[in-house]
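Given next are the chains, with one letter for each unit.
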Amino acid sequence: MERTMGLTCKLPSAATCPDGQIYDIWYPSVDTTAYDEREASTMRSMPASDDGYAVTISNVAGLGAFLVTVAPFANSAASAVIEGEAIGLLVIAIVLGVVAADLGSGLLHWICDSFFSEQTPVIGQHLIRPFREHHRDPFALTRRPFLRGSASNLIGATMVLATAWGVRQLTAGPGSPFADVWVASLGIAVAVTNQIHKWAHLPRVPRPISWLQALGLILSPAHHERHHSSELGRAFCITTGWLNPALDRLQVFPALERLLIPAERRRAVDVGS
Ligand SMILES: [Zn+2]
Ligand SMILES: [Zn+2]
């Protein structure tokens, strides 16, 4: 059966697509009723966790570690606002934290789509596989609850926050509200990136989320479609997607590939393997 990239139907199965073709990504202009009913049925039949109590406990522990490490920075940020620090500077710090998270999401996504394999020791199953699986089945992440789908993000955010806290202790100087707000913004944005990515694949999201998507404050389905519809892979940033136009226009990732990969082994980014 012909496989069509780029798409007019959001349904993941040929059996449910009106024209009988398989599509790689959904497009929100079609009637979603049949899919919604099917998805709801699937969600109802799924266990609360598909990995057992041990994974659930580790996911909860990951959330706890994130909350503990973000707390001092969030507290500092709240104090800065209450004490009337320059609000304009704090807003800039928040925006720069989100931009840093967006850049980080793009770099990690590019690496995991482009290099290594699911058989690579240590990182293959835990880091590479979710990205490759996402291109084989873009809906898999929509079937996972927040803690399961965002476990890696929570761990990554905790590592960033713990490192920043360690640096703050080592420098032992007076805390900078700007730096603390930037770190809090970065950590929170990293933690929720995969949830934002999940929302970009869901046919229906809460209204406030759709407003944020429409305003471009978080990754939108239309923007993210560029990544799934391009055989060469583009638009790797998945927090807000703000950096994608510049990174794509400047051909940053192809340039990095030319730097890192010998010419004889260079290949197009294989987002489907
Ligand atoms: Zn990808
Ligand atoms: Zn995606």
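The shown structure was predicted, so the numbers you read here are calculated from the model rather than taken from an experiment.

Here the focus is the overall build of the chain. Within the chain one finds 11 helices and 2 strands. The secondary structure elements of the chain, listed N-terminal to C-terminal, are β-β-α-α-α-α-α-α-α-α-α-α-α. Split into buried and exposed, the 273 residues of the chain put 31% on the buried side. In the chain, once contacts between residues fewer than 6 apart in sequence are set aside, the share between residues at least 24 apart is 61%.

Put simply, helix α3 (residues 87-114) and helix α7 (residues 177-201) touch, their axes get as near as 7 Å, and they point 40 degrees apart. For the element pair α3 / α7, the angle class is oblique. As for how α3 packs across α7, the hand of that crossing is right-handed. Residues L89, L90, A93, I94, L96, G97, V98, A100, A101, G104 and S105 of α3 form the contact with α7, whose participating residues are P177, F178, V181, W182, S185, L186, A189, V190 and T193. Considering only residue class, the contact of α3 with α7 consists of 15 nonpolar, 5 polar and no charged.

It is worth spelling out unusual backbone geometry at this point. Backbone geometry at F116 places phi at a positive 65 degrees, although glycine is not the residue there. Note on placement: F116 falls in the loop between α3 and α4 (123-136). Classification of F116 as partly exposed rests on a count of 16 C-beta atoms within 10 Å. Positive phi outside glycine occurs at V122, with the angle close to 70 degrees. Its location among the elements puts V122 in the loop between α3 and α4. Since 7 C-beta atoms lie within 10 Å of it, V122 is described here as exposed.

Here we come to the packing of helix α2 (residues 52-82) against α7. What describes two packed helices is the angle between their axes and the distance between those same axes. Orientation of α2 relative to α7, taken along the N-to-C sense of each, is 135 degrees, at an axis distance of 8 Å. One way to sum up the angle between α2 and α7 is to call them oblique. Of the two possible hands of crossing, α2 and α7 adopt the one that is left-handed. Here α2 contributes F66, V70, F73, A74, S76, A77 and A80 to the contact with α7, which in turn contributes P177, D180, V181, V183, A184, G187, I188 and A191. Taken together, the residues of the contact of α2 with α7 break down into 12 nonpolar, 2 polar and 1 charged.

Position of V98 among the secondary structure elements: in helix α3. The class for V98 is buried, based on 21 C-beta atoms found within 10 Å.

As a further point, take the confidence of the model for the chain. For the chain, per-residue confidence averages 81 on the pLDDT scale, and 75% of positions sit at 70 or higher. Counting interchain partners and residues more than four positions distant, the pLDDT-below-50 stretch residues 1-49 has 63 contacts.

Among the secondary structure elements, A157 is positioned in helix α6 (residues 151-171). When the C-alpha positions of A157 and L186 are compared, they lie 8.0 Å apart, and in sequence the two are 29 residues distant. Contact partners of A157, with chain neighbours within four places excluded, come to F66, G187, V190 and A191.

For α7, built from 25 residues, the straight-helix expectation of 36 Å at 1.5 Å per residue is met to within 8% by its first-to-last C-alpha distance of 36 Å. Of all bends in α7, the biggest is about 45 degrees, found at T193. Of all 25 residues making up α7, 21 are buried, and the element is well covered by its neighbours.

Criteria and thresholds
Residues numbered from 1 in each chain as written. Chains lettered and ligands numbered in written order. Predicted model: local features only at pLDDT ≥ 70, side-chain atom pairs only at ≥ 80, totals over all residues. Helix = DSSP H or I, 4+ residues; strand = E, 2+ residues; numbered from the N terminus. Buried ≥ 20, exposed ≤ 12 C-beta atoms within 10 Å, placed from the backbone. Contact = placed C-beta atoms within 7 Å. Axes fitted to C-alpha atoms, helices over the stretch in contact; angles between N-to-C directions. Parallel < 35°, antiparallel > 145°, perpendicular 65-115°, else oblique. Left-handed = near helix turned anticlockwise from the far one by under 90°. Nonpolar A, V, L, I, M, F, W, Y, C, P; charged D, E, K, R; others polar. pLDDT = per-residue confidence, 0-100. Expected span 1.5 Å × (residues − 1). Bend = angle between axes of the 7 residues up to and from the residue.

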